[in-house]
Amino acid sequence: MAEYRQIYDPEHALLLRTLRQKAAYLLDFFAPFRPYLTGSVLNGRAGPHSNINLLLYHDDPKSVELFLLNQNIDYDVVSINGPKRFESYPVLAFWFDNTPIRIQLQPGNAERNPQAKADRERLALPGLKLLLAQESAAQAAMAAPSPLP
């Protein structure tokens, strides 16, 4: 898939980097709620209309909503299909810098015991910063001229 994108969608790398940089900002912004990046921005399949998906672990979901309200961020509570494992924990959606954001809230103890595969494929801010640094290094290496023999 990466090779296909390099040939037929050369702008994908820039789009993905931009989305990951926005995600890094949001992970820092939501630091009190133990945030993680998940979904297509993490796994590299994001497109121009993809959400940035975050998992937040906190035992009081209303405190996240109050936090958003105190920051003057308009959000919607959205329903999701699939198992209703944490019915009392909402999924929140809002826009940030022309990008749709979706936040799935879960109780604190779910952080240590993720049951769904999607919950296990996640990355905290330090890991995302490392990923961005590795991508920058790889991009620089590709742009550098090759030495002559």
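Given the structure is predicted, the values throughout are model-derived calculations rather than measurements. (Residues numbered from 1 in each chain as written. Predicted model: local features only at pLDDT ≥ 70, side-chain atom pairs only at ≥ 80, totals over all residues. Heavy atoms only, no water.)

## A look at the overall build of the chain
Then step 1. When its secondary structure is counted, the chain shows six helices and five strands.
Then step 2. In the chain, the succession of α and β elements from N to C terminus is α-α-β-α-β-α-β-β-β-α-α.
Then step 3. When burial is assessed residue by residue, the chain has 39% of its 149 residues classed as buried.
Then step 4. Pairs at least 24 residues apart make up 63% of the contacts formed inside the chain by residues separated by at least 6 positions.
Then step 5. In the form shown here, the chain has an accessible surface area of approximately 9500 Å², with 54% of it arising from carbon and sulfur atoms. (Helix = DSSP H or I, 4+ residues; strand = E, 2+ residues; numbered from the N terminus. Buried < 20%, exposed > 50% of the residue type's maximum accessible area, 1.4 Å probe, protein only. Contact = heavy atoms within 4.5 Å. Areas by Shrake-Rupley, 256 points an atom, 1.4 Å probe, with all protein chains shown as cover.)

## Observations concerning the environment of Gln21
Then step 1. Secondary-structure assignment places Gln21 in helix H2 (residues 12–29).
Then step 2. Residues Gln21 and Leu128, spaced 107 residues apart in sequence, show a C-alpha to C-alpha distance of 8.7 Å.

## Overview of the pairing of strand S2 (residues 52–57)
Then step 1. Here S2 lies mainly inside the structure; six of its six residues are buried.
Then step 2. Across the two faces of S2 the burial is the same, with Ile52, Leu54 and Leu56 and Asn53, Leu55 and Tyr57 all buried.

## Some thoughts on the pairing of strand S4 (residues 91–96)
Then step 1. Bridging between strand S3 (residues 76–78) and S4 involves three bridges; their strand directions are antiparallel. Note on S4: the bridge partner recorded for Val77 is Leu92.
Then step 2. Note that S4 and strand S5 (residues 99–106) share six bridges and pair antiparallel. Residue pairing in the sheet places Leu92 in a bridge with Ile103 of S5.
Then step 3. Here S4 folds back onto S5 in antiparallel fashion, the turn holding two residues, of which Asp97 has a positive phi close to 50°. (Pairing = 2+ DSSP bridges.)

## Digging into the sheet that holds S3
Then step 1. Spatial ordering of the open sheet is given by S1-S2-S5-S4-S3, a layout of five strands whose pairing is mixed. The open sheet has two edge strands with one neighbour each: strand S1 (35–38) and S3. Neighbouring strand axes in the sheet, compared pairwise and without regard to direction, differ in orientation by 35° on average.
Then step 2. Packed onto the sheet, H2 meets S1, S2, S4 and S5 and runs at close to 20° relative to S2. (Axes fitted to C-alpha atoms, helices over the stretch in contact; angles between N-to-C directions.)

## Some words on the nonpolar core
Then step 1. Counting 34 residues, the largest nonpolar core has Phe30, Leu37, Ile52, Leu54, Leu56, Phe94 and Ile103 as its most contacted members.
Then step 2. Among the elements of the structure, H2, S1, helix H3 (40–43), S2, helix H4 (61–70), S4, S5 and helix H6 (125–143) are those that each provide at least two residues to this core.
Then step 3. Top element by residues in this core is H2. It accounts for six residues.
Then step 4. Those residues in contact with Ile52 that sit more than four places away from it in its chain are Leu19, Lys22, Ala23, Leu26, Leu37, Val41, Thr99, Pro100, Ile101 and Arg102. (Core = buried A, V, L, I, M, F, W, Y, C linked by side-chain atoms within 4.5 Å.)

## A closer look at the packing of aromatic side chains
Then step 1. Overall, the coordinates contain eight aromatic pairs when judged by the stated rule.
Then step 2. With a centroid separation of 5.3 Å and 0° between ring planes, the pair formed by Tyr25 and Phe96 is classed as stacked. Linking Tyr25 in helix H2 with Phe96 in strand S4, this pair joins segments that are 71 residues apart in sequence.
Then step 3. A residue is classified by how much of its surface remains accessible, and Tyr25, at 46% relative accessible area, is partly exposed.
Then step 4. Since its relative accessible area comes to 23%, Phe96 is described here as partly exposed.
Then step 5. Through a chain of ring-to-ring contacts, the aromatic side chains of Tyr25, Phe29, Phe30, Phe33, Phe67, Phe94 and Phe96 assemble into a single cluster.
Then step 6. One cation-aromatic arrangement involves Arg122 over Tyr36; the distance from NZ or CZ to the ring centre is 4.4 Å. (Phe/Tyr/Trp six-rings, centres within 6.5 Å; stacked < 30°, edge-to-face > 60°. Lys NZ or Arg CZ within 6 Å of the ring centre and 35° of its normal.)

In short, geometric facts, not functional conclusions.
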